[in-house]
Amino acid sequence: MNSNHLLLEEPIRMASILEPSKPTFFPAMTKIVGTLGPKSRSVEIISDCLNAGMSVARFDFSWGDTEYHQETLENMKAAVKSTKKLCSVMLDTLGPELHVVNKAEHPISLQADTSVVLTPDQEKEATSNLLPISFSGLSKAVKNGDTIFIGQYLFTGSETTSVLLEVTEVNGDDVVCLIKNSATLSGSLYTLHVSQIRIDLPTLTDKDKEVISTWGARNNIDFLSLSWTRHAEDVRHVRTIPAENSCLVHSSYAREFISKLGDLHQTQIFAKIENIEGLIHFDEILREADGIIISRGNLGIDLPPEKVFLFQKAAVYKCNMAGKPAVVTRVVDSMTDNLRPTRAEATDVANAVLDGSDAILLGAETLRGLYPVETISIVGKICAEAEKVFNQDMYFKKTVKYVGEPMTHLESIASSAVRAAIKVKASVIICFTSSGRAARLIAKYRPTMPVLSVVIPRLKTNQLRWTFTGAFEARQSLIVRGLFPTLADPRHPAESTNATNESILKVTLDHGKATGVIKSHDRVVVCQKVGDASVVKIIELED
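Basis of the calculations
Residues numbered from 1 in each chain as written. Predicted model: local features only at pLDDT ≥ 70, side-chain atom pairs only at ≥ 80, totals over all residues. Heavy atoms only, no water. Helix = DSSP H or I, 4+ residues; strand = E, 2+ residues; numbered from the N terminus. Buried < 20%, exposed > 50% of the residue type's maximum accessible area, 1.4 Å probe, protein only. Contact = heavy atoms within 4.5 Å. Areas by Shrake-Rupley, 256 points an atom, 1.4 Å probe, with all protein chains shown as cover. Expected span 1.5 Å × (residues − 1). Arc of directions from axis to C-beta. Polar contact = N/O pair within 3.5 Å; in protein donor to acceptor, adjacent residues only side chain to side chain. 1 Å grid on protein atoms, 1.4 Å probe; cavity = no way out; pocket = protein on both sides within 12 Å on 5 of 7 lines; lining within 4 Å. Points joined across faces, edges and corners; volume = space filled by probe spheres on them. Nonpolar A, V, L, I, M, F, W, Y, C, P; charged D, E, K, R; others polar. Axes fitted to C-alpha atoms, helices over the stretch in contact; angles between N-to-C directions. Parallel < 35°, antiparallel > 145°, perpendicular 65-115°, else oblique. Left-handed = near helix turned anticlockwise from the far one by under 90°. Core = buried A, V, L, I, M, F, W, Y, C linked by side-chain atoms within 4.5 Å. Pairing = 2+ DSSP bridges. Phe/Tyr/Trp six-rings, centres within 6.5 Å; stacked < 30°, edge-to-face > 60°. Lys NZ or Arg CZ within 6 Å of the ring centre and 35° of its normal. Lys, Arg positive; Asp, Glu negative; His and termini not counted. Salt bridge = Lys/Arg side-chain N within 4 Å of Asp/Glu carboxyl O.

Helices and strands together make up the secondary structure of the chain, namely 19 helices and 24 strands. Counting only residues that meet the buried cut, the chain has 53% of its 543 residues in that class. Considering only contacts within the chain whose residues lie at least 6 apart along the sequence, 70% involve residues at least 24 apart. Only carbon and sulfur atoms are counted for the fraction: they give 54% of the accessible area of the chain, which is about 24,600 Å².

Below, the discussion takes up unusual backbone geometry. Residues apart from glycine generally show negative phi values, whereas peptide bonds are mostly found in trans. Note the cis peptide between Glu405 and Pro406, where omega equals -5 degrees. Residue position: Pro406 is located in the loop between α15 (392-403) and α16 (409-423). One non-glycine residue, Arg330, lies in the positive phi region at around 55 degrees. Examined against the element boundaries, Arg330 turns out to sit in the loop between β16 (326-329) and α12 (343-355). One non-glycine residue with positive phi stands out, namely His521, at about 70 degrees. Take His521: it is sitting in the loop between α19 (498-515) and β23 (523-530). Relative accessible area serves as the criterion here: at 49%, His521 is assigned to the partly exposed category.

This brings us to α15. Over its 12 residues, α15 runs 16 Å from end to end, which matches the ideal 16 Å to within 8%, given 1.5 Å per residue. Those residues of α15 lying buried are Gln392, Tyr395, Phe396 and Thr399. Along the axis of α15, the buried residues cluster in a sector spanning 100 degrees; they form a single face. Relative to its buried face, α15 has exposed residues pointing more than 90 degrees away, namely Lys397 and Lys401.

Moving on, we get to the environment of Gln196. Structurally, Gln196 is set in the loop between β12 (189-194) and α5 (206-218). Taking the C-alpha atoms as reference, Gln196 lies 5.4 Å from Asp302; in sequence the two are 106 residues apart. Among residues more than four places away in sequence, those in contact with Gln196 are Ile276 and Asp302. Reaching out from Gln196, the side chain makes a polar contact with the backbone oxygen of Asp302 at a distance of 2.7 Å.

Now for helix α11 (residues 305-322). Compared with an ideal rise of 1.5 Å per residue, which puts 18 residues at 26 Å, α11 spans 27 Å between its outermost C-alpha atoms and is within 8% of the ideal. Along α11, the positions that sit buried rather than exposed are Val308, Phe311, Gln312, Ala315, Val316, Cys319, Asn320 and Met321. Positive phi appears at Gly323, one or two residues downstream of α11, with a value of about 70 degrees.

Moving on to the layout of surface pockets. If you add up the space inside the second largest pocket, you get close to 900 Å³. Lining of the second largest pocket is provided by 36 residues; of these, Phe25, Phe26, Lys84, Leu86 and Pro485 occupy positions nearest its centre. At the level of elements, β1 (31-35), α2 (43-52), β2 (54-60), α3 (66-83), β19 (451-455), β22 (483-487) and α19 are the ones that each hand at least two residues to the lining of the second largest pocket. Broken down by element, the lining of the second largest pocket gets its largest block of residues, six residues, from α19. Among the residues making up the lining of the second largest pocket, the classes are represented as 20 nonpolar, 12 polar and four charged.

What follows deals with the packing of α16 against helix α17 (residues 437-444). Two numbers describe how α16 lies on α17: the axes approach to 8 Å, and their chain directions differ by 50 degrees. In terms of orientation, α16 and α17 fall into the oblique class. For the pair α16 and α17, the crossing hand works out as right-handed. Note on element contacts: α17 touches α16 through Arg437, Ala438, Leu441, Ile442 and Lys444, opposite Leu410, Glu411, Ala414, Ala417 and Val418. Residue composition of the contact of α16 with α17, grouped by class: seven nonpolar, no polar and three charged.

Here we take up the nonpolar core. Residues Met54, Phe59, Met76, Trp215 and Ile292 are the most contacted members of the largest nonpolar core, which totals 63 residues. When residues of this core are assigned to their parent elements, the largest contribution, seven residues, is made by helix α14 (residues 372-388). If you look at the next biggest cluster of nonpolar residues, it comprises 33 residues, including Val327, Leu361, Ala438 and Val525.

Right, let's get into the sheet that holds strand β3 (residues 88-92). Reading around the barrel, the eight strands line up as β1-β2-β3-β13-β14-β15-β16-β17 and close back on themselves, with parallel pairing between neighbours. Sheet twist, expressed as the average angle between the axes of neighbouring strands with direction ignored, equals 25 degrees. Bridging between strand β14 (residues 268-273) and strand β15 (residues 291-294) involves four bridges; their strand directions are parallel. Note that in β15 the partner of Ile273 across the bridge is Ile294.

Axis separation between α2 and α14 bottoms out at 9 Å; the angle between their running directions is 5 degrees. Comparing the axis directions of α2 and α14 gives the class roughly parallel. Between α2, through Ile45, Asp48, Cys49 and Ala52, and α14, the contact on the second element is made entirely by Pro372, Val373, Ile376 and Ser377. In terms of residue class, the contact of α2 with α14 is built from six nonpolar, one polar and one charged.

This brings us to the pairing of strand β18 (residues 428-433). Buried residues dominate β18, accounting for six of its six residues. The side-chain alternation of β18 yields two buried faces, one formed by Val428, Ile430 and Phe432 and the other by Ile429, Cys431 and Thr433. Pairing geometry for β18 and β23, over four bridges, is parallel. The residue bridging Ile430 from the neighbouring strand is Val526, located in β23.

This part is about the packing of aromatic side chains. Given two aromatic rings, one states the distance between the centres and the angle between the planes to describe the pair. Considering all chains together, one arrives at eight aromatic pairs under this definition. A centroid spacing of 5.8 Å and a plane angle of 90 degrees characterise the contact between Phe282 and Phe311, whose relative ring orientation is edge-to-face. In this pair, Phe282 is assigned in helix α9 (residues 282-288) and Phe311 in helix α11, connecting sequence segments 29 residues apart. Taken together, the ring pairs in this structure connect Phe59, Phe61 and Trp215 into an aromatic cluster. One cation-aromatic arrangement involves Arg475 over Phe472; the distance from NZ or CZ to the ring centre is 5.2 Å.

Right, let's get into the side chain of Glu387. Within the element layout of this structure, Glu387 appears in helix α14. No salt bridge is formed by the buried Glu387, whose closest oppositely charged neighbour, Arg481, lies at an N-O distance of 4.8 Å. At a separation of 2.6 Å, a polar atom in the side chain of Glu387 contacts the side chain of Thr30.

So, in structure tokens, the structure goes:
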């Protein structure tokens, strides 16, 4: 597997570009987050999405009720069972998103160089001259010359479905705008975004709190995508939400209360950076969050077009160095309606991988797109090709330099395991872990081979019942680049002896051979803990 890797700095034979890619057990090291919705919620389609490479299912609560999403989730569980492929669950909040409300749901044609009024009176009917909006404070937030964007799925670049407005007058609660381009808005709800203006609404709405404390807690969600994260405090606030039926007043006890209802306290919080405010406070947000989602749809409106790539590269680099997943959105918008991406989109996906992204998030492409399975498959193939020319040597040196000396014990073991695996051209790295931390640290150094994370369950009790941990840790690895989890037999204790480690290792190697990940005479690097000692060893497989 390692021999297939090239460097972009090395000359590439043009003829080799035309050679078909060899199929592998893992479609790509980069993970794919798929948004489930009307076109992708049946058991059959979700099964095909999983087989195509989706490892995280996103549930977007900016639309749809809990019953609808629960039905989709049950279908996903059935698909996981039938395909025998793990899939984690991400809940995406609505946040302070503004909408134009079109109750009649008829198409609205807007003509360039004419005026339209934005009004908070949602009882009025939407027309070409009047658009009711969901926010009463817009007139206090904007001034003449400000820019407002409106579109159903925020600005694919197709100016027939999204519109640019310029504020010309503020009249009481109403805002009068000049239409800059002709467009037709269709559907019942369109997103409204005011460029570089702070909207005085909480990051977490009352609806978000209800959804998290009910649907989220009930389903033990793996990830929470916090839309419109603007400050580190937004992330800290989420960690103190009382769970369903909670009557607690003191938020400091909320986590304790949630833990008694489920495992919501283990849910990882991903901050979604969508505007200038989030960009300005990025460093403090990154310290508080478990991962970052670079939401290029909204962010691409707040930033000048020539600056978007700079933020992406800077944000991904910071996430890489912190060892936290970086997720990039809005890469193949055209595949919502087309079977192939544009040339620019294909290159964009590859560049996201070369930048160091952990995952690609697909929104409308799988939510309402005509080709959800094909989109996942094509994005996965592009990721796999880009990974072949990822400059791992330069990345490794850069990461080691950033971490500095003295390294922590675990960081030293992780980097040593990766260095050893590359030197001996190992086919895989196997890491025993109970918390998942060691495996994530190994993945941080971006080895060119897959990291098989063997999660060893721990037995715990709340004095009423016994439960095993491990499922959360395994599923949360599914968004980390190059990390492929499997659950060990719970009969093996986490505080394992050398004998039990050897037993688990044999099962893992046998599984690797059966799936074709490992072959005879391959070298494998194993990272494990025996007693108080962390050990990295190299084994060569026999026939």
